[in-house]
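Examination of the molecular architecture
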Amino acid sequence: MSAPPAIAVTRLNHAFGVGEAERQVLFDVALEIPRGALVVLMGASGSGKTTLLTLLGCLREVQQGSVRVLGTELNDASEQVMVALRRRFGFIFQAHNLHESLTALQNVRMGLDVHGPAPGADDAAAHVLRLLGLGERLDYKPRRLSGGQKQRVAVARALVGNPEVVFADEPTAALDKESGFEVVALLRRLAKQRGTTTLMVTHDTRILDLADRIIVMEDGRVKEGG
Ligand SMILES: Nc1ncnc2c1ncn2[C@@H]1O[C@H](COP(=O)(O)OP(=O)(O)O)[C@@H](O)[C@H]1O
Ligand SMILES: [Mg+2]
């Protein structure tokens, strides 16, 4: 029997608000993403990309439909199951969300500390930072790093725990084209080396060349590529 896909979604609906204010934002979404794939999610602002990503990432409760991630059904999953799954994920957001008071190394270590105290955490954090070309910046705090360097620290933090799935929401939005491409090329290389499944929202068309597949959303529906 082959392994289940990393992500399998069927008949997913989602709404915000209650009563008269209720507004549906995802409609009958279906998609399947194999393990190890780098998939780009595109679509106009407001089309539901972030909502979908947060549902898949166990950051929001599934209301209706089926979402299976790494073989586990999220609809009606307990908080305990959601927390355990989140530990197998890495997250990268548009804003890098680094702690200003911590060095690059300490920020990346935080990606491991969610698993409890880990021996060798400093070495692991330094290793990923070196892979991302930041070996000379381990002791720098964010204010002394450029935008591209900060975002690479955020990428390192997401990857240091060897996540099985990486969710990235416009990770290059704050970067110039050059460093944006660089960051995603690195993500791709690490994904292929480690077999990590990566789902990334982006508007950056240059990045499309790096994707194994492109999913396009329109008005809360999967238009192409699901
Ligand atoms: N927390 C929320 N409460 C109410 N409406 C929301 C919330 N988050 C998103 N929405 C609405 O859901 C729709 C989809 O938003 P979103 O998933 O953020 O789209 P995208 O990431 O593609 O720009 C938008 O109309 C947005 O205004
Ligand atoms: Mg969004």
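Residues numbered from 1 in each chain as written. Chains lettered and ligands numbered in written order. Predicted model: local features only at pLDDT ≥ 70, side-chain atom pairs only at ≥ 80, totals over all residues. Heavy atoms only, no water.

1. Considerations on the site of ligand 1
For ligand 1, the full set of nearby residues is Phe16, Arg23, Val25, Ala44, Ser45, Gly46, Ser47, Gly48, Lys49, Thr50 and Thr51. Within the backbone of Gly46, an N or O atom sits 2.7 Å from an oxygen atom of ligand 1. Note that an oxygen atom of ligand 1 is positioned 2.5 Å from one of the side-chain N or O atoms of Thr51. Taken by itself ligand 1 offers 560 Å² of open surface, and the protein chains cover 61% of this. (Near = heavy atom within 4 Å. Polar contact = N/O pair within 3.5 Å; in protein donor to acceptor, adjacent residues only side chain to side chain. Areas by Shrake-Rupley, 256 points an atom, 1.4 Å probe, with all protein chains shown as cover.)

2. Re the nonpolar core
Grouped together as the largest cluster of nonpolar side chains are 37 residues, with contacts concentrated most on Ile92, Val108, Leu129, Val153, Val155, Leu159 and Met200. For this core, the secondary structure elements donating two or more residues are β3 (38–43), α3 (104–113), α4 (121–131), α5 (147–159), β7 (165–169) and α6 (177–194). When residues of this core are assigned to their parent elements, the largest contribution, 6 residues, is made by α5. The residues touching Val108, leaving out its near neighbours within four places in the chain, are Ala125, Leu129, Val153, Ala156, Arg157 and Val160. In terms of nonpolar packing, the next biggest core, distinct from the first, is built from 32 residues, Leu41, Leu199, Val201 and Ile215 among them. (Core = buried A, V, L, I, M, F, W, Y, C linked by side-chain atoms within 4.5 Å. Buried < 20%, exposed > 50% of the residue type's maximum accessible area, 1.4 Å probe, protein only. Helix = DSSP H or I, 4+ residues; strand = E, 2+ residues; numbered from the N terminus. Contact = heavy atoms within 4.5 Å.)

3. Structural notes on the packing of aromatic side chains
By the definition in use, this model includes 4 aromatic pairs. Measuring from centroid to centroid gives 6.2 Å for Phe89 and Phe91, while their planes differ by 80°, and the two rings are edge-to-face. Relative to Phe167, the ring of Phe89 has its centre 5.1 Å away and its plane inclined at 85°; by these criteria the two rings are edge-to-face. Of this pair, Phe89 sits in strand β6 (residues 89–92) while Phe167 is found in strand β7, placing the two residues 78 residues apart along the sequence. Each member of the pair, Phe89 together with Phe167, is buried. Linked through ring pairs, Phe89, Phe91, Phe93 and Phe167 together constitute an aromatic cluster. When the ring centre of Tyr140 is taken as origin, the NZ or CZ atom of Arg144, which lies over that ring, is 4.0 Å away. A cation over an aromatic ring shows up here: Arg206 above the ring of Phe181, its NZ or CZ 4.8 Å from the ring centre. (Phe/Tyr/Trp six-rings, centres within 6.5 Å; stacked < 30°, edge-to-face > 60°. Lys NZ or Arg CZ within 6 Å of the ring centre and 35° of its normal.)

4. Structural notes on the packing of α3 against α4
Two elements in contact, α3 and α4, have axes separated by 9 Å at closest approach and are oriented at 115°. Compared by their axis directions, α3 and α4 come out roughly perpendicular. Crossing geometry of α3 relative to α4 is assigned as right-handed. Contacts from Ala104, Leu105, Val108, Arg109 and Leu112 of α3 reach α4 at Ala121, Asp122, Ala124, Ala125, Ala126 and Leu129. (Axes fitted to C-alpha atoms, helices over the stretch in contact; angles between N-to-C directions. Parallel < 35°, antiparallel > 145°, perpendicular 65-115°, else oblique. Left-handed = near helix turned anticlockwise from the far one by under 90°.)

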